[in-house]
Amino acid sequence: MKNLSLALNIVLLVAVGVLYYLHFEGKKQTDQDEPEVTQTLEYTIGYINADSVLKNYDFFKEMQEKLQKKGEKLEVEYQNRAQGLQKEVNDYQRNVNNLTIGQAKALEENLMKKQQNLRLYQESLAQELMKEESKVNRELYEKVTAFIEEYSNKNGLEMVVKYNQGSDVLYANNGMDITQAVISGLNKQYKEGKTGTTTDTKADTAKVE
């Protein structure tokens, strides 16, 4: 879904700005000739690859499949109506010469009304599908951000940013990558929610150094 990564982009934009500030402004240069390049920050930061999270999150994959099936179902319903109307148009064109002027005019008006109704029906189907997509996006955003907050609290992270092609983060140490931990934790949480079981959601992976 083209807007699926947008939710994560919005929530992490401010965090990236803070990271930039801390890195470049958090320490004053002590020696102009040989400035220190690195400094240990008091903030523990992790990052995720949002595309990988979406691609491997079972909830998202299942919702995508459901939306696709619903879209196909709605398309079939529309096509059935459209084909029925087209048959009526064909019948009218075939028999128009046998109709009186009044009969032909009445049929034309009826067919035009049905065409307008068909367009309205098509628009309503598109709006229905868009509402479903919006609902899934909102639920996805809530699930991912809630888990990241819980994971961060349990693992001592004070900031999580999105790091992949197109993000504002140009470099991050692999040791800060919590993508797989987030994917595993989200899928575990989702599976438990479906089965009705509950277990300790403490991260299975090692704490980010």
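Residues numbered from 1 in each chain as written. Predicted model: local features only at pLDDT ≥ 70, side-chain atom pairs only at ≥ 80, totals over all residues. Heavy atoms only, no water.

A. Structural detail: the overall build of the chain. Across its full length, the chain carries 5 helices and 2 strands. Residues counted as buried form 29% of the 209 residues belonging to the chain. Excluding contacts between residues fewer than 6 apart, the proportion of contacts in the chain whose partners are at least 24 apart in sequence is 81%. (Helix = DSSP H or I, 4+ residues; strand = E, 2+ residues; numbered from the N terminus. Buried < 20%, exposed > 50% of the residue type's maximum accessible area, 1.4 Å probe, protein only. Contact = heavy atoms within 4.5 Å.)

B. The arrangement of the packing of helix α4 (residues 101-155) against helix α5 (residues 179-195) in detail. Packing of α4 against α5 brings their axes to within 10 Å, and their N-to-C directions diverge by 115°. By the criterion of interaxial angle, the relationship of α4 to α5 is roughly perpendicular. The element α4 and its partner α5 pack so that their crossing is right-handed. In contact with Lys143, Val144, Phe147, Ile148, Glu150 and Tyr151 of α4, α5 contributes Ala181, Val182, Gly185, Leu186 and Gln189. (Axes fitted to C-alpha atoms, helices over the stretch in contact; angles between N-to-C directions. Parallel < 35°, antiparallel > 145°, perpendicular 65-115°, else oblique. Left-handed = near helix turned anticlockwise from the far one by under 90°.)

C. Structural view of helix α3 (residues 58-95). End to end, α3 covers 56 Å across 38 residues, agreeing with the expected 56 Å (1.5 Å per residue, within 8%). Inspection of α3 places Phe59, Phe60, Met63, Leu67, Gly71, Leu74, Tyr78, Ala82, Leu85, Val89 and Tyr92 among the buried residues, and these make up the whole buried set. Contact partners of the buried residues in α3: α2 (50-56), α4 and α5. (Expected span 1.5 Å × (residues − 1).)

D. Representation of the pairing of strand β2 (residues 159-162). Both faces of β2 are covered, namely the face carrying Met159 and Val161 and the face carrying Val160 and Lys162. For strand β1 (residues 45-48) and β2, the ladder comprises 4 bridges, and the chain directions are parallel. Its bridge partner lying in β2, Gly46 is registered against Val160. (Pairing = 2+ DSSP bridges.)

E. The environment of Gly46, seen in detail. With respect to the helices, strands and loops of the structure, Gly46 is situated in strand β1. Along the chain, Gly46 and Ala172 lie 126 residues apart, while their C-alpha atoms are 8.8 Å from each other. Filtering out sequence-adjacent residues up to four positions away, Gly46 remains in contact with Leu157, Met159, Val160, Val161 and Met176.

F. Seen up close, the nonpolar core. In terms of nonpolar packing, the biggest core is built from 22 residues, with Ile48, Tyr57, Leu140, Ile178, Val182 and Leu186 touching the most fellow members. Mapped by element, the contributors of at least two residues to this core are α2, α3, α4 and α5. It is α4 that contributes the most residues to this core, 6 residues altogether. When residues no more than four places from it in sequence are discounted, the contact partners of Val182 are Ile48, Val53, Phe147 and Ile148. Membership of the second largest hydrophobic core comes to 11 residues, among which are Leu74, Leu85, Val89 and Tyr92. (Core = buried A, V, L, I, M, F, W, Y, C linked by side-chain atoms within 4.5 Å.)

G. How the structure looks around the packing of α3 against α5. Direction vectors running N to C along α3 and α5 enclose 65°, while the axes themselves pass 8 Å from each other. Taking contact as the criterion, the partners of Asp58, Phe59, Glu62 and Met63 in α3 are, on α5, Asn187, Tyr190 and Lys194. Here the contact of α3 with α5 is composed, by residue class, of 3 nonpolar, 1 polar and 3 charged. (Nonpolar A, V, L, I, M, F, W, Y, C, P; charged D, E, K, R; others polar.)

H. Spatial organisation of the pattern of salt bridges. Across all of its chains, the model carries 10 salt bridges by this definition. Between Lys70 and Glu128 there is a salt bridge whose closest N-O contact spans 3.2 Å. Pair noted here: Lys70 is in helix α3 and Glu128 is in helix α4, with a separation of 58 residues, a long-range link. A relative accessible area of 23% means that Lys70 is categorised as partly exposed. Judged by relative accessible area, Glu128 falls into the partly exposed class, the value being 32%. Between Glu139 and Lys143 there is a salt bridge, with the nearest N and O atoms lying 4.0 Å from each other. A residue pair is termed a helical-turn pair when its members lie 3 or 4 positions apart in one helix, as Glu139 and Lys143 do in helix α4 at 4 residues. (Salt bridge = Lys/Arg side-chain N within 4 Å of Asp/Glu carboxyl O.)

Shape is all these values report; function is a separate question.
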